[in-house]
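Architecture and fold: a report
One-letter residues, chain by chain:
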Amino acid sequence: MAILLILEMRKSVDKFKHIISKVIPLDRSNVDTDAIIPKQFLKSIKRTGFGPNLFDEWRYLDHGEPGMDNSKRSINPDFVLNKPQFKDSKILLVRENFGCGSSREHAPWALLDFGIKVIIAESFADIFYNNCFKNGILPITLQKDEIEELFSGTETKTLEVEVNLEKQFVKSSKSYSFEIDEFKKSSLLNGLDEIGLTLENKSVIANFEKSYFSNYPWLKQE
Amino acid sequence: MAKTLYEKIFDKHVVLAQEDTYLIYIDRHLIHEVTSPQAFEGLKIHDRPLWRKESIVAVPDHNVPTTDRDKGIQDPISKIQVETLDQNCKDHNLLQFDMSDVRQGIVHVIGPEQGLTLPGMTIVCGDSHTSTHGAFGALAMGIGTSEVEHVMATQCLIQKKLKTMKIDVQGKTHPLVSAKDIALFVIGQIGTAGGTGYAIEFCGDAIQQLSMEGRMTLCNMAIEAGARSGMVAVDDTTINYLKNKPFAPKNGMWDLAEKEWRTLHSDSDAVFDKVVEIDANMIEPQVSWGTSPEMVKGISESIPKKSNLTSDKHLDFQRALEYMGLNENTPINEISVDKVFIGSCTNSRIEDLREAARYLKGKKINPSIRLAMAVPGSGIVKKQAESEGLDKIFIESGFQWRDPGCSMCLAMNADRLESGERCASTSNRNFEGRQGQGGRTHLVSPAMAAAAAVHGHFVDIRNEEISG
């Protein structure tokens, strides 16, 4: 019955694998989900295709709208994501309170579509943090001084780091350990389908409902 | 054991517990057109039914036009999204207030208005401002689309317990200081990440004196302090608001419910993980000056000086000033505006419109204002306002009187700022580009927005003449 102990692994997102990649240093605090994926792109009814519009207002010099050919738009050469060395990077390094604001899951969808699998920050906003795990993205929280060290490592050269979720460390010239909730870790490592897992407890939910509605009958009324 | 309000509601909804991970039951699921289509698609792919469709209420709000409603949606992509919601509601036989329904409006306005939001409920919606519903002594929070799908299929959410924070606003605010000012002041104090990981309960004299509309404004902004949930305990104000609402319990059921609802407050000896005390007298009308809601000052103050900030804030400070086209140390009341927006899930309820109209009565907006618009939160709010003649006051002063929707709070429809335009806005986010690419947002209360429209710049409404 337990949530954690169900061994039948239902796959939904890809399993999280050991990653070695160049780090994209985005030196900003309070990056909100409006910046990650502007509102005009939320009109899509799909989960995919948001990558070209990730950080749209910072990445391009013109105004983006859905349906545009992004390859023909003028890009902002100063924006870090546009540097050629980061074309295939899987790791984003940011400051505090990343992903604040709107609950739009289009934000992790856009990051994932671009190729980001790991975000390292001093802190994350709650809803965004949660949304990452549902999409196979690992958000890692490190201490302020550790983030500072990583940023200084990116100043003169392209920093490459190794991320090991199983053993919970990030390694560049130095190794940093990170904390993560066990359930979330196992979901990522195994690519679990959480809905499938919860539905293993169908009868428990049904029994709960029975007593719940007898205690609070007005909630049954519609 | 003494419990906080959050713990009382949480504990009643635990279906399963495994160490510190809980499966909690969800009573009410509000959906709109932007964050639900992918969830419906997911259900279809896995061939999963809805667990309890009666718990779901749908409304289109983000994309809907606020003018010429009868012509339908002009933007073809927005149109598909709204039609997809219509189709999903039809396929699953869900309660929806569609664009032609007088009950249509912003999801966080219509839930309470219809009595679909009730005390003690767990309420979710794929929208961060779901915290609004906590004003009723409910546990309400925004979720992502994967969780929307999870709740549709299982009626449950996998959760950790949040920490609890009590924000105690003691004393009495000035009569022209509103719930919006309290919210912005609190965010200025604790920061936009101050509430991360917490459920906030707002307490104290100043909170008890607020109407339900005011409490909704306050809880709505809890997310801007980083808290997924904000809440206020149930009292007579809550009970009186709910009585006779269309979907509220009736007769004997009402009596049963009221008895339970009266228990929904933190026990006097309950322990919070954090307590923040605020003196209501300290709060003056607030105006945000930067690109994060924590960049906010009182109307008599000035934008901070860089030299007064710690060095780790310098980069963000500089970037915010550049984006906003402002200089450090500028007095707030010298900032002029181009547009004025009164609306959004924060400030589009009847009290908000009354507050703005009370100020506008007999006045004209400044010729320097390019556009001033009032967007009621729902068709019902609009009707109520018109029955009180508020629409005439807005229109005579030079405001446009629109149809309900999210409108220029996030500019997904045609209502938006042009690059460089500066707006006094009663919405909730002043992020870069939020109201249109390059647009500059100043968050204020409805009365402060109205006063900015009349003067063309921010003024202290405490010094202004106000009718009746």
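So, a few notes on the structure that sits alongside this text. (Residues numbered from 1 in each chain as written. Chains lettered and ligands numbered in written order. Predicted model: local features only at pLDDT ≥ 70, side-chain atom pairs only at ≥ 80, totals over all residues. Heavy atoms only, no water.)

1. Observations concerning the overall build of chain A
We apply this condition: Labels follow the DSSP assignment, with helices taken as runs of H or I lasting at least four residues and strands as runs of E lasting at least two, numbered in each case from the N terminus. Between buried and exposed lies partly exposed: a residue is buried under 20% and exposed over 50% of the maximum accessible area for its type, with that area taken using a 1.4 Å probe on protein chains only. In this analysis, two residues are considered to be in contact whenever any of their non-hydrogen atoms come within 4.5 Å of each other. Charged-residue counts in this description rest on Lys and Arg as positive and Asp and Glu as negative, His and the chain ends being excluded. Working definition for charges: the position is that of NZ of Lys, CZ of Arg, CG of Asp or CD of Glu.
When helices and strands are tallied, chain A shows eight helices and seven strands. Expressed as lengths along the three principal axes of its C-alpha atoms, the size of chain A is roughly 65 × 40 × 30 Å. Every one of the 222 residues in chain A was classed for burial, and the buried ones make up 61%. Counted over contacts in chain A with a minimum sequence separation of 6, partners at least 24 positions apart contribute 65%. Between the centroid of the 30 positive side chains of chain A and the centroid of its 33 negative side chains there is a distance of 5 Å.

2. Side note on the sheet that holds strand E1 (residues 14-18) of chain B
Hydrogen bonds between backbone atoms are what pair the strands of a sheet, whose relative direction is either parallel or antiparallel. All names here are of chain B. What counts, and what does not: When DSSP finds two or more bridges between a pair of strands, those strands are recorded as paired. Helix axes are fitted only over the stretch in contact, all axes being lines through C-alpha atoms; the angle between N-to-C directions runs from 0 to 180 degrees.
With antiparallel pairing, the three strands of this open sheet are ordered in space as E1-E2-E8. Unpaired on one side and paired on the other, E1 and strand E8 (156-159) mark the two borders of the sheet. Within the sheet, the average angular offset between the axes of one strand and its neighbour, ignoring direction, is 15°. Note that strand E2 (residues 21-25) and E8 share four bridges and pair antiparallel. Within E8, the residue paired with Tyr25 across the bridge is Cys156.

3. A short note on the packing of aromatic side chains
Note the threshold: Planes of paired rings set the category: under 30 degrees apart is stacked, over 60 is edge-to-face and the rest tilted, where pairs are Phe, Tyr or Trp rings (Trp by its six-membered ring) whose centres lie within 6.5 Å.
All chains considered together, the criterion is met by 24 aromatic pairs over all chains. Look at Phe124 of chain A and Tyr129 of chain A: their rings are 5.7 Å apart centre to centre, the planes differ by 45°, and that puts the pair in the tilted class. The class for Phe124 of chain A is buried, based on a relative accessible area of 6%. Classification of Tyr129 of chain A by relative accessible area gives partly exposed; the value is 21%. What links up through ring pairs into an aromatic cluster is the set Phe208, Tyr212, Phe213, Tyr216 and Trp218 of chain A together with Tyr25, Trp254 and Trp261 of chain B.

4. Quick look at the sheet that holds strand E7 (residues 139-142) of chain B
Pairing is parallel in the open sheet, where five strands are placed in the order E5-E4-E3-E6-E7 (chain B). With one partner strand each, in any of the chains shown, strand E5 (95-96) and E7 of chain B form the two edges of the open sheet.

5. Focus on the interface of chain A and chain B
Here is the rule: The buried area of a pairing is the accessible area, by a 1.4 Å probe, that goes missing from both parts when the two are put together, added over both. When residue character is reported, Ala, Val, Leu, Ile, Met, Phe, Trp, Tyr, Cys and Pro are called nonpolar, Asp, Glu, Lys and Arg charged, and the others, Gly included, polar.
The interface of chain A with chain B comprises 65 residues on the first partner and 83 residues on the second. Taken over both partners, the interface formed by chain A and chain B buries close to 6,100 Å², and the fraction arising from carbon and sulfur atoms is 57%. Contributing elements (two or more residues each) for the side of chain A that touches chain B: helix H2 (56-59), helix H3 (106-114), helix H4 (126-133), helix H7 (194-199) and helix H8 (202-215) of chain A. Among the elements that line the side of chain A that touches chain B, the one with the most residues is H8 of chain A, at eight residues. Among the residues forming the side of chain A that touches chain B, the class breakdown is 25 nonpolar, 17 polar and 23 charged.

6. Focus: the nonpolar core
Residue and element names in this part refer to chain B. We apply this condition: Residue types Ala, Val, Leu, Ile, Met, Phe, Trp, Tyr and Cys, when buried and joined through side-chain atoms within 4.5 Å, form a set referred to as a nonpolar core.
Judged by nonpolar contacts, the single largest core of 106 residues is most densely connected at Met152, Ile167, Val169, Phe202 and Trp261. If one sorts the elements of this core by residue count, helix H6 (residues 179-190) sits on top with eight residues. With near-sequence residues (within four places) excluded, Ile167 lies in contact with Val186, Ile190, Ile200, Glu201, Phe202, Cys203, Val276 and Ile278.

7. Considering helix H2 (residues 37-45) of chain B
Within H2 of chain B, the full set of buried residues consists of Pro37, Gln38, Ala39, Phe40, Gly42 and Leu43 of chain B. On its buried face, H2 of chain B is in contact with H3 of chain A together with strand E3 (28-31), helix H3 (76-92) and helix H5 (145-154) of chain B.

8. Considering the environment of Leu116 of chain B
All names here are of chain B. By secondary structure assignment, the location of Leu116 is in the loop between helix H4 (107-113) and strand E6 (122-125). Taking C-alpha positions, Leu116 is 31 Å from Val276, a pair spaced 160 residues apart along the chain. Look past the residues within four positions of Leu116 in its chain and what remains in contact with it is Arg28, Val57, Phe97, Gly111, Met121 and Phe247.

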